[in-house]
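# Fold and geometry: a report
The chain contents come next:
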Amino acid sequence: MNKKGFLQISFQWLFAIIVGAIILFLAIYAVSKFSSTNEATSGTKINAQLSALLNPLESSFETSKITPLNLGTETRIYPLCDSDGGFGIQSIKTSQKSFNKWSTPGIGSNVKNRYLFLENPVQGKNFYVFSKPFEFPFKITDLMYIISENDNYCFKNAPSNIKEEIIQLKPKSIFIEDCPDNSIKVCFNMGVCDINVNTNSNYVQKNNTIMYFEEDSLMYATIFSPKQYYECQLNRLISREKILIDIYIEKADIISNQKCYSSIKNELIELKNLLNNFRDSDDLSSIYSKIISINNKNKNSKCRLW
Amino acid sequence: MVNKKAQMKIQQMSFMLIGVMLFFGLVALFLVSFKSSELKQTVGDILEENALLLVSKLAESPEFSCGGSFDSYAGSCIDLDKVMALKNSISKYNGFWGVSNIEIRRIYPSSLEVLCDLSNYPDCNRIQLLSQENTGTGVSNFVALCRKQAIGNNFENKCEVGKLIITYEQP
C-alpha cells in the first residue's frame with residue numbers, strides 16, 4: 001500500500017514537472033522570439049522611415065544642398081545595391097546600439113528610385129546628407145551622399161569649383177583647410193593620401209582600388225562609397241538612362257507632330273547602343289565625348305528635348 | 001478506490017494545464033493581433049508620408065520635369081509631351097515610385113473630361129499612368145503643364161494649370 005501511495009504522488013509530481021517545464025520552455029522561447037521580432041520590426045521601421053525621409057532631397061535645380069539627419073542613437077547604416085532587372089534596387093539596413101549591443105539590422109527597405117552613396121557601413125548619431133544632380137547628358141536623377149559626423153574628410157588641393165561648392169554647402173564633416181588630425185585625407189592631383197583624386201584622368205584611387213568618374217556628382221560618389229557598391233549604383237544609373245533615352249526618342253516623335261523637329265534622335269539611338277555595352281566605370285570616358293556632343297546639339301537646338 | 005482518486009487528480013491536473021495553456025495561447029494571440037495592427041498602422045503612415053513627399057517632388061523627377069525644354073527653368077513644371085512618351089514605357093516603371101497610380105489633370109482652361117492617349121493628344125485633359133482606375137487614398141499638388149504646340153509651320157511653348165494626383169493603397 002505504502003509503495004503504491006508513494007508511486008501515486010510521485011507520478012503526479014512527475015507529470016506536473018514535465019508539463020510545467022514544457023510550459024516554461026514555450027514561454028521563454030516565445031518571449032525571446034517576440035523580443036527578437038520586435039527588434040527586427042523596429043529596425044525595419046527605421047529603414048522605411050529613413051528611406052521616406054530621403055525623398056525630398058531630390059531637387060530640380062542644379063544646386064546641391066546639405067541636410068542634417070539626426071537619428072538620436074548611435075546607428076550603423078548598411079547600404080545594399082542590386083543592379084539586376086530594370087532599374088535595380090537600392091536598399092538600406094540600419095542597426096542601432098542599445099545597452100552596448102548592436103541590434104539586428106531588420107529587413108532592408110527596397111526602393112528603385114533612390115541612389116545613395118555612403119561607406120558600408122557608415123556609423124554615427126548624426127549624419128549629413130547632400131545631393132547633386134547627375135546629368136548625362138540629361139538629368140538622370142539626384143545622387144545622394146551620406147556622411148557621418150564621426151568621419152571628417154580633408155580635401156587637399158581641391159579644384160576651385162569643388163572648393164566653392166564646399167564653402168557654399170558648409171558641410172560640418174568636410175574641410176578644405178584646418179583639417180582635424182584624424183580626418184580622412186582626400187588629395188586632388190597630389191601626393192599619396194587615403195583617397196587620391198586625379199581630375200586630369202578622372203579617376204579615384206582608394207583602398208587599392210580604382211574608380212573612374214565623369215562629372216563632379218560621380219566624383220563625390222567615388223569618394224564616399226566603396227568600389228563594388230559604386231559600380232553597382234553606376235550600372236543602375238545607366239539602366240535608368242537607357243529607359244530615359246527611349247522616352248526622349250518617343251518624345252521626339254510626339255513633338256514632331258507639333259512642328260517641333262529635334263535633330264538628335266539618331267544620336268540618342270547611337271548613345272543607347274553605346275550604353276548597351278557598358279560594363280563598369282572604366283567605360284565612362286568612351287561614352288563621355290558622345291554625351292558632350294549630344295548635349296551641345298540639344299542646347300543649341302530651337303526644339304530642345306530636355 | 002485509490003486508483004480512481006489518482007485518476008481524478010490526474011484528470012483535474014490535465015484540465016488545469018490545458019486551461020493554463022489556453023490562457024497563455026489567447027494572451028499570445030491577443031498580443032500578436034495587437035502588434036500586427038500596430039505594424040499595419042505604421043506601414044500606412046509611411047505610405048502616406050511617402051505619397052505626400054512624392055507628390056511635392058515628382059514634378060522635378062526626370063520623367064516628368066520640363067527641364068530646359070521650355071525656354072526657362074521653372075519648378076513644379078510637368079512636360080506633358082514627355083509624360084505621353086512615358087505612358088508608352090510605363091510598364092517598366094511598375095513599383096518604381098511605390099504608389100498605385102499617378103494622374104495628371106488639366107484644370108485650367110477647363111473642358112469636358114477626356115482621357116489622353118496617343119491618338120487624341122493634346123486634345124484631352126486627363127492622363128492616367130500606372131493604372132486606369134483611382135483606388136485608394138489620393139494626394140494632389142498644383143503644377144504647370146507645358147507642351148509644344150504647332151502654329152502654322154512653326155511651334156510655340158504652351159503652359160496650362162494642372163493637378164498632379166498620386167494614389168496609394170492603404171494596407
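### Brief notes about the environment of Y220 of chain A
Residue and element names in this part refer to chain A.
- Secondary-structure assignment places Y220 in helix 3 (residues 215–224).
- Taking C-alpha positions, Y220 is 9.5 Å from M144, a pair spaced 76 residues apart along the chain.
- If we skip the residues at most four places from it in the chain, Y220 touches K132 and Y145.

### Focus on the nonpolar core
- Core analysis: the largest hydrophobic core is formed by 89 residues, its most contacted members being Y145 and I146 of chain A together with I78 and I166 of chain B.
- Broken down by element, this core gets its largest block of residues, 10 residues, from helix 4 (residues 227–256) of chain A.
- Discounting residues that sit within four places of it in the chain, I166 of chain B has contacts with A51, L54, V55, L58, V99, I102, G138 and V139 of chain B.

### With respect to unusual backbone geometry
- In this model, F136 of chain A is joined to P137 of chain A through a cis peptide bond whose omega is 0 degrees.
- Considering the arrangement of structural elements, one finds P137 of chain A in the loop between strand 6 (122–135) and strand 7 (139–148).
- Note that the residue after Y121 of chain B, namely P122 of chain B, is joined by a cis bond; omega there is 10 degrees.
- Following the sequence through the fold, P122 of chain B ends up in the loop between strand 2 (101–108) and strand 3 (126–129).
- Here the phi dihedral of N157 of chain A falls at roughly 60 degrees; this positive angle occurs in a residue that is not glycine.

### Remarks on the interface of chain B and chain A
- Contacts between the two partners involve 45 residues from chain B, matched on the other side by 41 residues from chain A.
- Where the side of chain B that touches chain A is concerned, the elements lending two or more residues are helix 1 (2–57), helix 2 (80–88), strand 4 (137–151) and strand 5 (154–168) of chain B.
- Considering each element in turn, the side of chain B that touches chain A owes the most residues, 19 residues, to helix 1 of chain B.
- Taken together, the residues of the side of chain B that touches chain A sort by class into 21 nonpolar, 15 polar and nine charged.

### Notes on the sheet that holds strand 9 (residues 174–175) of chain A
All names here are of chain A.
- Strand order in this open sheet of six strands is 9-8-10-11-12-13, and the pairing throughout is mixed. Every interior strand has two partners, whereas the edge strands, strand 9 and strand 13 (209–212), have only one.
- Bridge analysis of strand 8 (residues 153–156) against strand 9 gives two bridges, and the strand direction is parallel. Residue Y153 lies in a different strand from strand 9, and its bridge partner there is I174.

### Describing the pairing of strand 7 of chain A
All names here are of chain A.
- Counting buried positions along strand 7 gives 10 out of 10 residues, so the element sits mostly inside the fold.
- By the bridge criterion, two bridges tie strand 5 (residues 116–117) to strand 7 in an arrangement that is parallel. Considered in strand 7, the bridge of F117 is made with Y145.
- Pairing analysis gives nine bridges linking strand 6 to strand 7, with the strands arranged antiparallel. Paired with P133 across the two strands is D142, which belongs to strand 7.
- Here strand 6 folds back onto strand 7 in antiparallel fashion, the turn holding three residues.

### Observations regarding the environment of F175 of chain A
Residues and elements named next belong to chain A.
- Here F175 lies in strand 9.
- Accessibility expressed as a C-beta count within 10 Å gives 17 for F175, which makes it partly exposed.
- Residues F175 and F99, 76 residues apart in the sequence, show an inter-C-alpha distance of 33 Å.
- Those residues in contact with F175 that sit more than four places away from it in its chain are N152, C154, F155 and S183.

About the cut-offs
Residues numbered from 1 in each chain as written. Chains lettered and ligands numbered in written order. Predicted model: local features only at pLDDT ≥ 70, side-chain atom pairs only at ≥ 80, totals over all residues. Helix = DSSP H or I, 4+ residues; strand = E, 2+ residues; numbered from the N terminus. Contact = placed C-beta atoms within 7 Å. Core = buried A, V, L, I, M, F, W, Y, C linked by C-beta atoms within 7 Å. Buried ≥ 20, exposed ≤ 12 C-beta atoms within 10 Å, placed from the backbone. Nonpolar A, V, L, I, M, F, W, Y, C, P; charged D, E, K, R; others polar. Pairing = 2+ DSSP bridges.

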